[in-house]
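# Structure assessment
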Amino acid sequence: MEMKSENDTFEAKLQESIANPKNMGEMKDADAIGTVGNADCGDMVRMFLKFDEDKGQKVINKASFQSFGCQTAIAVASMATEMLKGKTIEEAKEISADEMTHEIGSLPPMKIHCGQMVEGALKSALETEDTQKTNNDLKDQSTLAQSLIQQKPTSGKIKVIPISDNI
Ligand code: FES
């Protein structure tokens, strides 16, 4: 006898997101970029943001992402980029990994860090925007692959590591 558990439903929704990710790929004209990696699993996510003015306020017009390795991170990043459109920087900073995955439910314990990595990449991009508003060096971005090579795996607890976008 087969019973459909909550976990099966979650997996099905996750697979759906993975099969058809939205906003995946580099954004050449991004205004802000944030990259984070996880030393333990070796996965990385890079988030690209493009801003616009709406009634005198700066809002996110477009968001995209690149991800290496982790399918869950792809699914979470896809959902995150969809919910970012029209958000102010302050609103976007408030979005937690949990909110990003509300469509499919809470991530299982083994996958929580995947969501945190996406949240970290978004926060890192938003910080870039805060601190480097006039920095045209953003145009001169390294590739995700280069960043990955720079990553030095360490042992110990899982943690999200911000990776400089200006390597
Ligand atoms: Fe590490 Fe998903 S398994 S980010």
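Computed from a predicted model, the values in this text were never measured in an experiment.

## Remarks on the side chain of Thr-101
Mapped onto the elements of the fold, Thr-101 is located in the loop between α4 (97–100) and α5 (112–131). Apart from the residues lying within four places of it in its own chain, the contact partners of Thr-101 are Val-76, Met-79 and Leu-107.

## A short note on the pairing of strand β2 (residues 44–54)
For β2, the buried fraction is high: 8 of the 11 residues fall into the buried class. Strand direction decides the pairing type here: strand β1 (residues 32–38) and β2, joined by 6 bridges, are antiparallel. Bridged to Gly-34 within β2 is Met-47. Joining the antiparallel neighbours β1 and β2 is a turn of 5 residues, in which Gly-42 adopts a positive phi near 80°. Note that β2 and strand β3 (residues 57–68) share 11 bridges and pair antiparallel. Pairing of Val-45 across the sheet is with Ser-67, part of β3. The turn joining β2 and β3, which pair antiparallel and follow one another in sequence, is formed by 2 residues; a positive phi near 50° is taken by Lys-55.

## Details of the environment of Asp-31
The residue Asp-31 is located in the loop between α1 (6–19) and β1 in this model. A relative accessible area of 23% places Asp-31 in the partly exposed class. The spatial distance from the C-alpha of Asp-31 to the C-alpha of Thr-128 is 9.0 Å, given a sequence separation of 97 residues. In this structure the side chain of Asp-31 is engaged in a polar contact, spanning 3.4 Å, whose partner is the side chain of Lys-50. There is a polar contact of 2.7 Å between the side chain of Asp-31 and the backbone nitrogen of Phe-51.

## Section: the pattern of salt bridges
If the charged atoms of two oppositely charged side chains come close together, the side chains can form a pair. By the definition in use, this model includes 5 salt bridges. As a salt-bridge pair, Lys-50 and Asp-29 come within 4.0 Å of each other at their nearest N and O atoms. With a gap of 21 residues between them, Lys-50 in strand β2 and Asp-29 in the loop between α1 and β1 connect regions that are remote in the sequence. On the basis of relative accessible area, Asp-29 is assigned to the partly exposed category, the value being 36%. Lys-93 is paired through a salt bridge with Glu-90; the nearest N and O atoms lie 3.9 Å apart. Of this pair, Lys-93 and Glu-90 both sit in helix α3 (residues 89–93), 3 residues apart, which is roughly one turn of that helix. Look at the salt bridges and you will find they share partners, linking Asp-29, Asp-31 and Lys-50 into a network.

## Quick notes on helix α2 (residues 71–84)
Taking 1.5 Å per residue, 14 residues should reach 20 Å; α2 reaches 20 Å between its end C-alpha atoms and fits that length. By the criterion of burial, α2 is predominantly enclosed, with 11 of the 14 residues buried. Within the span of α2, buried status applies to Thr-72, Ala-73, Ile-74, Ala-75, Val-76, Ala-77, Ser-78, Met-79, Ala-80, Thr-81 and Leu-84. Remark: Gly-86 follows α2 within two positions and exhibits a positive phi of approximately 90°.

Analysis parameters
- Residues numbered from 1 in each chain as written.
- Predicted model: local features only at pLDDT ≥ 70, side-chain atom pairs only at ≥ 80, totals over all residues.
- Heavy atoms only, no water.
- Helix = DSSP H or I, 4+ residues; strand = E, 2+ residues; numbered from the N terminus.
- Contact = heavy atoms within 4.5 Å.
- Buried < 20%, exposed > 50% of the residue type's maximum accessible area, 1.4 Å probe, protein only.
- Pairing = 2+ DSSP bridges.
- Polar contact = N/O pair within 3.5 Å; in protein donor to acceptor, adjacent residues only side chain to side chain.
- Salt bridge = Lys/Arg side-chain N within 4 Å of Asp/Glu carboxyl O.
- Expected span 1.5 Å × (residues − 1).

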